[in-house]
Amino acid sequence: MKTLFLILALTVLALPAHPQAHNDGYTDPDLDVERMINRFENETREVFSLREAIVAAAGVEPGDIVADVGAGTGAFLEPLVAAVGDEGHVVAVEISIRFVEHLRQVADEAGYDNVTAVYSSFTSATLPPGSVDRMIVIDTYHHFEDYEAMLASMLAALRPGGIMTVVDFDRTPEAREWIQGHVRASKETFRKEIEAAGFEFIEELNLEGMEENFLLRFRRP
């Protein structure tokens, strides 16, 4: 399995970028990664401060193969690697080639030999069918403009019975202005989209300290 992901990581670099206005900043080849690290890996960012609790809520276990779809700068790499252990594997999926390069560098410098960074497209997570046990999608789902295609690829990538955990901003009437303008739909709409794609809803979990985000768990039947 590890060899398969290594081959995939090299192959998908040839995939062409598909322009999407909402994600232009992330696909910019001149993306300032250091600026994004300061933005994403900051204790004032809710999901970063709760990263260990989120990984625990996702039910990640030793030996699991876990895909972090929209891995960004790798804020969740450390807790995921710790959770899967030496026998598990973490697949960090990104549409940004700059993030993919950075993720590989982080893994190399940290000595994580069970991490593969994958360059994905706007319509596919570019993962082999039935290849992962669990999937996390952290503050990323609202970026899926062709969400039907993305969800289809993600459902296919999960093994039967596999679990997907989605954490995203809760776009309520009371949410702050940035969320209202940045996030395209409500939690209820996102859940309906995911269920319509074939995922089975399991539960919503309320983590202590989670105020601007929600956490939903789904299963591939």
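Keep in mind that this is a model prediction, so the values were computed, not measured.

Peer 1: Looking at this structure, how should I read the overall build of the chain?
Peer 2: In terms of helices and strands, the chain carries ten helices and seven strands. A burial count over the chain gives 52% of its 221 residues as buried. Expressed as a percentage of contacts within the chain between residues at least 6 apart in sequence, the contacts between residues at least 24 apart total 74%. With the model as given, the accessible surface of the chain reaches about 10,200 Å², and the carbon-plus-sulfur share is 49%.

Peer 1: Would you explain the nonpolar core in this entry?
Peer 2: If you look at the biggest cluster of nonpolar residues, it comprises 32 residues, and the most contacted ones within it are V69, M135, V137, M154, M164 and F199. Of all elements in the fold, only β1 (65–69), β2 (89–94), β4 (132–138), α8 (147–157), β5 (158–169), α10 (187–196) and β7 (213–219) reach the threshold of two or more residues within this core. For this core, the element with the most residues is α8, which contributes five residues. With sequence-adjacent residues up to four places away left out, F199 is seen in contact with L151, M154, L155, L158, M164, I194, F218 and R219. Within the second largest apolar cluster, 31 residues are counted, among which are A75, A83, V115 and L215.

Peer 1: I tried to follow the pattern of salt bridges on my own but got confused; where do I start?
Peer 2: If the charged atoms of two oppositely charged side chains come close together, the side chains can form a pair. Scanning the entire structure with this criterion turns up eleven salt bridges. Among the salt bridges present, the one from E43 reaches R51, with a minimum N-O distance of 3.5 Å. One salt bridge connects R184 with E193, and the closest N-O pair in it is separated by 2.8 Å. By relative accessible area, E193 is classed as buried at 11%.

Peer 1: Could you clarify how one ought to interpret the packing of aromatic side chains in this entry?
Peer 2: The relation between two aromatic rings is expressed through the spacing of the ring centres and the mutual angle of the planes. Counting across every chain of the model gives seven aromatic pairs. Consider the rings of F40 and F99, whose centres lie 6.3 Å apart with planes at 55°: the pair is tilted. Residue F40 is found in helix α3 (residues 33–40), and its partner F99 is found in helix α7 (residues 97–110); the two are separated by 59 residues along the sequence. Each member of the pair F40 and F99 is classed as buried. Plain terms: the ring middles of F199 and F218 are 6.5 Å apart, the flat faces sit at 70° to each other, and that makes the pair edge-to-face.

Peer 1: What should I look at first to understand the packing of α3 against α7 in this one?
Peer 2: Interaxial distance between α3 and α7 falls to 11 Å at its minimum, and their mutual angle equals 75°. In terms of their interaxial angle, α3 and α7 are classed as roughly perpendicular. For the pair formed by α3 and α7, the contact residues are V33, M36, I37 and F40 on the first element and R98, F99 and H102 on the second. Along the lines of polarity and charge, the residues of the contact of α3 with α7 split into five nonpolar, one polar and one charged.

Peer 1: I'm lost on the side chain of E46 in this one. Help?
Peer 2: Within the secondary structure, E46 is located in helix α4 (residues 46–49). Although E46 is buried, it forms no salt bridge, and the closest oppositely charged side chain is R176 at an N-O distance of 8.1 Å. A polar side-chain atom of E46 sits 2.9 Å from a polar atom in the side chain of N213. Excluding residues within four positions of it along the chain, E46 makes contact with G209, M210, E211, E212 and N213.

Peer 1: Is there a simple way to think about the pairing of β4 in this case?
Peer 2: Regular strands have side chains that alternate between both faces of the sheet. Counting buried positions along β4 gives six out of seven residues, so the element sits mostly inside the fold. Direction of pairing for β4 relative to β5: parallel, over a ladder of six bridges. Paired with V137 across the strands is V166, a residue of β5.

Cut-offs and rules
- Residues numbered from 1 in each chain as written.
- Predicted model: local features only at pLDDT ≥ 70, side-chain atom pairs only at ≥ 80, totals over all residues.
- Heavy atoms only, no water.
- Helix = DSSP H or I, 4+ residues; strand = E, 2+ residues; numbered from the N terminus.
- Buried < 20%, exposed > 50% of the residue type's maximum accessible area, 1.4 Å probe, protein only.
- Contact = heavy atoms within 4.5 Å.
- Areas by Shrake-Rupley, 256 points an atom, 1.4 Å probe, with all protein chains shown as cover.
- Core = buried A, V, L, I, M, F, W, Y, C linked by side-chain atoms within 4.5 Å.
- Salt bridge = Lys/Arg side-chain N within 4 Å of Asp/Glu carboxyl O.
- Phe/Tyr/Trp six-rings, centres within 6.5 Å; stacked < 30°, edge-to-face > 60°.
- Axes fitted to C-alpha atoms, helices over the stretch in contact; angles between N-to-C directions.
- Parallel < 35°, antiparallel > 145°, perpendicular 65-115°, else oblique.
- Nonpolar A, V, L, I, M, F, W, Y, C, P; charged D, E, K, R; others polar.
- Lys, Arg positive; Asp, Glu negative; His and termini not counted.
- Polar contact = N/O pair within 3.5 Å; in protein donor to acceptor, adjacent residues only side chain to side chain.
- Pairing = 2+ DSSP bridges.

Just geometry here; none of it tells us what the structure is for.
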